[in-house]
Amino acid sequence: MARVTQHRADPDLVELMVTRSFDTLCWMRDKGVRFIPIYGRQAFKIDGKFKFWGGLTVESVGGGPAWSICSPRPPANAALSCAIRPARSICCTTAPASRAVRVRSNEQVSELRCKSVVLACGGFEANPEWRTRYLGPGWDLAKVRGSRFNGGDGIRMALSIGASPRGNWSGCHAVGWEMNAPEFGDLAVGDQFQKHSYPFAIMVNATGKRFVDEGADFRNYTYAKYGRVILEQPGQFAWQIFDQKVKHLQRDEYRIRQITKVTADTIEELSKKLDGVDAGQFVKTIAEYNAAVRQDVPFNPNVKDGRRTDGLAVNKSNWANTIDQPPYEAYGVTCGITFTFGGLRINNDAEVLNTDYEPIRGLYAAGELVGGIFYFNYPGGSGLISGAVFGKIAGTSAGRARKN
């Protein structure tokens, strides 16, 4: 966390997230969430053994929806029920009786009185106006990986009653995403629009040139920032190039029907199929890349193997293989934004703080609208565990307040 956030992450929040992560997952398991090893995504079979890399070894059965009691298939032990209504505003004062959430249902606005409120409704990634305002020009052109409803309403409501903003408001989690994916996430496809096997490939932009070190680190420590790099390329797209030596390492998302893919038996033929790419420069890029690959270093996808290129303007640091075994495959990608890093300031009890850094009594926050945890980049899986850990802390704190 410290390394990928350039040591800007709040040390107290990170300490809580890390030290309580195991207990939180055990608690979730007891509530009916099932976990399995991430074979094939976080480990490859080498010499008969799987070696897990990147600090991420398990995933939940059923993915993200399995974490929610509001999902069609909630955890088996979930004893709660919920109703979903759009929230309009919140009111939190020192008097518990004055705390309320205003909600809309069938065009009617009503007020729900309560002793505590937990905000856990995501960042502003689905709000193109806020993205342009805070992330910068061009971010209105990014695809949204998830829901169209994450427009920053929870942050807006809290700021309107004096909450303190915090974190990397110009930063976000953004990945390589299917070039022709819809504007927002598709529940039928789920997360399969992502394209994360690039460490074993190369990426070229419209000029036909490589623009990033695909093997700088394990995917877990680069994928959340490379979406921004793709968005900065001419036309906001790139192509990932594979040959048959590494095809077996591709993740499952490369085998869906909704995909922008071209194949060819020669590099020259492939160059003519890459829509929007300078064909001549692409052929030259492949030749220069192949000549620069260190052939004396063995390839190993489970470790940072040091198999690199030498002498290129943008070298590849690990997992460099010549692209010379047809048929060749290319996949078109653009930027898919996952969540934004800027949000609300909280303390170790997940209480939202005001601009005087004092708790707003009865108001708690967890998940992607919490600021101060992620800056510039993101280690794979840490957003989910952050939401789980601080969600449990916020729920516990809110429950304690309810009893008082």
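Quick note: structure is the one above.
**Observations concerning the overall build of the protein**
Line of reasoning, step 1. A count of helical and extended segments in the protein gives eight helices and 18 strands.
Line of reasoning, step 2. Computed over the C-alpha atoms, the radius of gyration of the protein is 23 Å, within 12% of the 22 Å expected from 2.2 N^0.38 for a compact globule of 404 residues.
Line of reasoning, step 3. Buried positions account for 50% of the 404 residues belonging to the protein.
Line of reasoning, step 4. Of the contacts made within the protein by residues no fewer than 6 positions apart, 69% connect residues no fewer than 24 positions apart.
Line of reasoning, step 5. Of the charged side chains in the protein, 51 are positive and 40 negative, and the gap between their average positions amounts to 6 Å.

**Some points on the sheet that holds strand β5 (residues 87-91)**
Line of reasoning, step 1. Read across the open sheet, the three strands follow the order β5-β6-β7; overall the sheet is antiparallel. Pairing within the sheet leaves two strands with one partner each, and these edge strands are β5 and β7 (108-113). For this sheet, the mean angle separating the axes of adjacent strands, direction not counted, is 20°.
Line of reasoning, step 2. By the bridge criterion, four bridges tie β5 to strand β6 (residues 100-105) in an arrangement that is antiparallel. For Ser89, the partnering residue across the bridge sits in β6 and is Arg102.

**Some details on the sheet that holds strand β18 (residues 359-365)**
Line of reasoning, step 1. Taken together, three strands build an open sheet; the order of strands is β8-β18-β17 and the sheet is mixed. With one partner strand each, in any of the chains shown, β8 (117-119) and β17 (351-353) form the two edges of the open sheet. Geometrically, the sheet is characterised by an average inter-axis angle of 55° between neighbouring strands, direction not taken into account.
Line of reasoning, step 2. Judged from the two bridges that link them, β17 and β18 form a sheet pairing that is antiparallel. Its bridge partner being in β18, Leu353 is matched across the sheet by Pro359.

**A look at the side chain of Glu125**
Line of reasoning, step 1. Along the polypeptide, Glu125 turns up in the loop between β8 and α3 (128-135).
Line of reasoning, step 2. For the buried Glu125, no salt bridge is present, and the opposite-charge side chain at shortest range is Arg131, 8.0 Å distant.
Line of reasoning, step 3. Side-chain polar atoms of Glu125 contact the side chain of Asn150, separated by 2.8 Å.
Line of reasoning, step 4. Other than its neighbours up to four places away in sequence, Glu125 contacts Arg131, Val144, Asn150, Ile337, Thr338, Phe339, Thr340 and Glu368.

**Concerning empty space enclosed by the protein**
Line of reasoning, step 1. Taken as a whole, this structure holds three cavities of 30 Å³ or more when the rule is applied.
Line of reasoning, step 2. Approximately 110 Å³ is the volume found for the largest cavity.
Line of reasoning, step 3. Considering the residues around the largest cavity, the lining is formed by 14 residues, among which Phe44, Trp53, Pro199, Phe200 and Arg219 are closest to the centre.
Line of reasoning, step 4. Considered class by class, the residues forming the lining of the largest cavity number eight nonpolar, three polar and three charged.
Line of reasoning, step 5. Within this model, the second largest cavity holds a volume of roughly 70 Å³.
Line of reasoning, step 6. Together, Phe339, Phe341, Gly367, Glu368, Val370, Ile373, Phe374, Gly383, Ser386 and Gly387 line the second largest cavity.
Line of reasoning, step 7. With three residues, the top contributor of residues to the lining of the second largest cavity is helix α8 (residues 382-403).
Line of reasoning, step 8. Among the residues making up the lining of the second largest cavity, the classes are represented as five nonpolar, four polar and one charged.

**Brief notes about helix α1 (residues 11-19)**
Every α-helix winds through 3.6 residues per turn, so residues three or four apart in the chain are directed the same way.
Line of reasoning, step 1. For α1, the set of buried residues is Leu13, Val14, Leu16 and Met17. All buried residues of α1 fall inside an arc of 160° around its axis, so they share one side.
Line of reasoning, step 2. Two to three positions downstream of the cap, the backbone nitrogen of Asp12 sits 2.9 Å from a side-chain oxygen, assigning the N-cap of α1 to Asp10.

**Some details on the packing of aromatic side chains**
Line of reasoning, step 1. In this structure the tally under the stated criterion is 24 aromatic pairs.
Line of reasoning, step 2. Between the aromatic rings of Trp130 and Tyr134, the centroid separation amounts to 5.8 Å while the plane-to-plane angle is 80°, which identifies the pairing as edge-to-face. One end of the pair is Trp130 and the other is Tyr134, both in helix α3 and four residues apart, which spans about a single turn.
Line of reasoning, step 3. Trp130 gets classed as buried once you look at its relative accessible area, which sits at 11%.
Line of reasoning, step 4. Note on Tyr134 and Trp169: the rings are 4.9 Å apart at their centroids and 65° apart in plane angle, and the pair reads as edge-to-face. Taken together, the residues span a long stretch of sequence, with Tyr134 in helix α3 and Trp169 in the loop between β10 (165-166) and β11 (172-178) at a distance of 35 residues.
Line of reasoning, step 5. Residue Tyr134 is classed as partly exposed on the basis of its relative accessible area, which comes to 28%.
Line of reasoning, step 6. Using a relative accessible area of 15% as the deciding quantity, one classes Trp169 as buried.
Line of reasoning, step 7. Among the aromatic residues, those joined into a ring-pair cluster are Phe44, Trp53, Phe200, Phe218, Phe299 and Trp319.
Line of reasoning, step 8. Sitting over the ring of Tyr254, Lys195 keeps its end group 5.7 Å from the ring centre.
Line of reasoning, step 9. For the cation-ring pair, Lys392 lies above Trp27, with the distance from its terminal atom to the ring centre recorded as 5.2 Å.

What counts and what doesn't
- Residues numbered from 1 in each chain as written.
- Predicted model: local features only at pLDDT ≥ 70, side-chain atom pairs only at ≥ 80, totals over all residues.
- Heavy atoms only, no water.
- Helix = DSSP H or I, 4+ residues; strand = E, 2+ residues; numbered from the N terminus.
- Rg over C-alpha atoms; globule rule 2.2 N^0.38 Å.
- Buried < 20%, exposed > 50% of the residue type's maximum accessible area, 1.4 Å probe, protein only.
- Contact = heavy atoms within 4.5 Å.
- Lys, Arg positive; Asp, Glu negative; His and termini not counted.
- Charge placed at Lys NZ, Arg CZ, Asp CG, Glu CD.
- Pairing = 2+ DSSP bridges.
- Axes fitted to C-alpha atoms, helices over the stretch in contact; angles between N-to-C directions.
- Salt bridge = Lys/Arg side-chain N within 4 Å of Asp/Glu carboxyl O.
- Polar contact = N/O pair within 3.5 Å; in protein donor to acceptor, adjacent residues only side chain to side chain.
- 1 Å grid on protein atoms, 1.4 Å probe; cavity = no way out; pocket = protein on both sides within 12 Å on 5 of 7 lines; lining within 4 Å.
- Points joined across faces, edges and corners; volume = space filled by probe spheres on them.
- Nonpolar A, V, L, I, M, F, W, Y, C, P; charged D, E, K, R; others polar.
- Arc of directions from axis to C-beta.
- Phe/Tyr/Trp six-rings, centres within 6.5 Å; stacked < 30°, edge-to-face > 60°.
- Lys NZ or Arg CZ within 6 Å of the ring centre and 35° of its normal.

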